[in-house]
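Read off the chains here:
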Amino acid sequence: FSTLTIPDGTSCSDLVNLGTLTAGVAAAFSMASGIYNGDFLQITDITASGGATFSATNSYGIGDVTGWNITSPAADDFYWVGGTGNWSDSTHWSLTSGGTPGTCIPNILDNVFFDDSSFTAGGQIVTIDVEASCNNMNWTGALFNPELAGFSPININASLTFIPSMNYSYNGNIAFTSGNAGNTIDFAGKPLSGQISFNGSGDWDLQSDVSAGTSVQIQYNNGTLNTNDNNFVLGFGGFFSNSSAARTLNLGNSTISANNWDIADPTGLTLNAGSSTVSITNFGSQFRGGNLNYNVVNLGTMGAMQVYNSNTFDSLNFTPGTMVMFQDSEMQTINILSATGALGNNTVFNSMTTGS
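Sequence order as written defines residue numbering, which begins from 1 separately in each chain. Note on the predicted model: pLDDT of at least 70 is required for a residue's local features to be given, and 80 or more for side-chain atom pairs to be given and counted; whole-chain, interface and lining totals, by contrast, use all residues. With hydrogens and water excluded, all non-hydrogen atoms of the structure serve as input to the side-chain values.

## Thoughts on the overall build of the chain
Then comes step 1: A count of helical and extended segments in the chain gives zero helices and 39 strands.
Then comes step 2: Split into buried and exposed, the 356 residues of the chain put 49% on the buried side.
Then comes step 3: Contact definition: two residues touch when any of their heavy atoms are within 4.5 Å. Here the analysis covers contacts within the chain between residues at least 6 apart in sequence; of these, 33% occur between residues at least 24 apart.
Then comes step 4: Under the convention used here, a 1.4 Å probe and the Shrake-Rupley method define accessible areas, while residue burial counts only the protein chains that appear. Within the structure as shown, the chain displays about 14600 Å² of accessible surface, and the carbon and sulfur contribution to it stands at 49%. Every helix listed is a DSSP run of H or I at least four residues long, and every strand listed is a run of E at least two residues long, numbered separately from the N terminus. Think of it in three bands: with a 1.4 Å probe and only protein chains considered, a residue is buried below 20% of the maximum accessible area for its type, exposed above 50%, and partly exposed in between.

If you want it as structure tokens, here you go:
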């Protein structure tokens, strides 16, 4: 572009979102000279370069934002009040528990609480109607089984705590963007949908299992993820990692059940498989291992299964009737009714089983 015009936002409740189509994948702005001054912006995964000065006041940076001079408002604690409503409605946000609503909605530096003064009756719903952002989100103490709904994305810059008694029909994407250590995630057994992405360079410790309603996709782009022996049941979704960022995945004793396991780019990825199990069991599935070392991998489907890269398994198990195609090595196709011999460049350390 020779000219790109970016409008300013007008207030803390009317920010202009400046970001990329794919969360966690940065785009670049370059200007050889001059000064750009923006106001009331939410900038996501945008780098600035080229010699010019890029500044933004009353604004926030999310994810991979470099080359900007960003002045953000002071962080606050926001409390949901007034029962059913939309995230974008400032009359549902107060700076005190059960207090008078203010004039702003939370942003990426602000902590968000849904507590014992947030809801007054059963059936009340919080709808994510715009791209929502916060630092910590905590539902501890919320009464009357409130519900989280909507389709717009949520950016969380620190920790997330759901509660078992809440209802969950939210179908949007949740992105974790922290660059700090010590973050925790507790989904409290909620039936997740859409995409859960890890885009920041920070650390996250899971506090509960990750479960899909029908399908959930984990997009692991950055940072350290400690599963703490919790399990992933991803339905027709999968676990994906396609990034060159330094990241460490500690699987412990977790079991991951999914339609796909896809490490498209293992650059920068440290996988500590521990005593974990990865089970790929649905029709039309694939296992792209990224030339990494795994503990137990189970492949089972009444159809074709594709295995990519030169991986190492402690134990590789098949379900009878599975058609396995080993790609990226010798293009071997093995009908797993019985199997012996080398499997392309894939190495099995201890055992390979084919069922009976």
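So that's the structure; there's more coming.
## Structural notes on unusual backbone geometry
Then comes step 1: Phi is positive for Asn 291, which is not a glycine, with a value near 60°.
Then comes step 2: Mapped onto the secondary structure, Asn 291 falls in the loop between β33 (286-288) and β34 (293-299).
Then comes step 3: Judged by its relative accessible area of 46%, Asn 291 falls in the partly exposed class.
Then comes step 4: Despite not being glycine, Asn 309 shows a phi value in the positive range, around 80°.
Then comes step 5: Looking at the element boundaries, Asn 309 is found in the loop between β35 (304-308) and β36 (312-318).
Then comes step 6: Among the residues examined, Asn 309 registers a relative accessible area of 13% and is labelled buried.

## Let's talk about the pairing of strand β6 (residues 53-57)
Then comes step 1: DSSP bridges decide pairing: two strands pair if at least two such bridges lie between them. Bridge count between strand β3 (residues 35-39) and β6: five bridges; the pairing is parallel. Looking at β6, one finds that Ile 35 is bridged to Thr 53.

## Points about the pairing of β34
Then comes step 1: Most of β34 is tucked away, with five of its seven residues classed as buried.
Then comes step 2: Note: strand β32 (residues 277-280) against β34, four bridges, orientation parallel. Counted as the bridge partner of Val 278 is Val 297 from β34.

## Thoughts on the nonpolar core
Then comes step 1: We define a nonpolar core as any set of buried Ala, Val, Leu, Ile, Met, Phe, Trp, Tyr and Cys residues linked to one another through side-chain atoms lying within 4.5 Å. Within the largest apolar cluster, 66 residues are counted, with the highest numbers of intra-cluster contacts made by Phe 114, Trp 139, Phe 162, Phe 176, Trp 261 and Phe 287.
Then comes step 2: With five residues, the top contributor of residues to this core is strand β24 (residues 210-220).
Then comes step 3: Aside from chain neighbours lying at most four places away, what touches Phe 162 is Met 137, Trp 139, Leu 148, Tyr 168, Asp 186, Phe 187, Ala 188 and Lys 190.
Then comes step 4: In this structure, Ile 6, Leu 18, Ile 46 and Ala 52 belong to the second largest nonpolar core, which totals 12 residues.

## Here's the deal with the sheet that holds strand β10 (residues 85-86)
Then comes step 1: The four strands lie next to each other as β10-β13-β16-β19, forming an open sheet whose pairing is parallel. At either margin of the open sheet sits one strand with a lone partner, and together these are β10 and β19 (167-168).
Then comes step 2: By the bridge criterion, four bridges tie strand β13 (residues 125-128) to strand β16 (residues 147-150) in an arrangement that is parallel. Its bridge partner lying in β16, Thr 127 is registered against Ala 149.

## Some words on the side chain of Thr 227
Then comes step 1: Following the sequence through the fold, Thr 227 ends up in the loop between β25 (223-226) and β26 (232-233).
Then comes step 2: Classification of Thr 227 by relative accessible area gives buried; the value is 0%.
Then comes step 3: Pairs of N or O atoms within 3.5 Å make up the polar contacts considered here, provided that, within protein, one atom can donate a hydrogen while the other can accept it, and that residues adjacent in sequence are counted only when both atoms are side-chain atoms. Of the polar contacts made by the side chain of Thr 227, one reaches the side chain of Ser 254; its length is 2.7 Å.

## Re the pattern of salt bridges
Then comes step 1: Salt bridge, as used here: a side-chain nitrogen of Lys or Arg that lies within 4 Å of a carboxyl oxygen of Asp or Glu. All chains considered together, the criterion is met by one salt bridge.
Then comes step 2: For the salt bridge of Arg 288 with Asp 262, the shortest nitrogen-to-oxygen distance reads 2.7 Å. Of this pair, Arg 288 sits in strand β33 while Asp 262 sits in strand β30 (residues 260-265), placing them 26 residues apart in sequence.
Then comes step 3: Among the residues examined, Arg 288 registers a relative accessible area of 22% and is labelled partly exposed.
Then comes step 4: In this structure Asp 262 comes out as buried when scored by relative accessible area, which is 11%.

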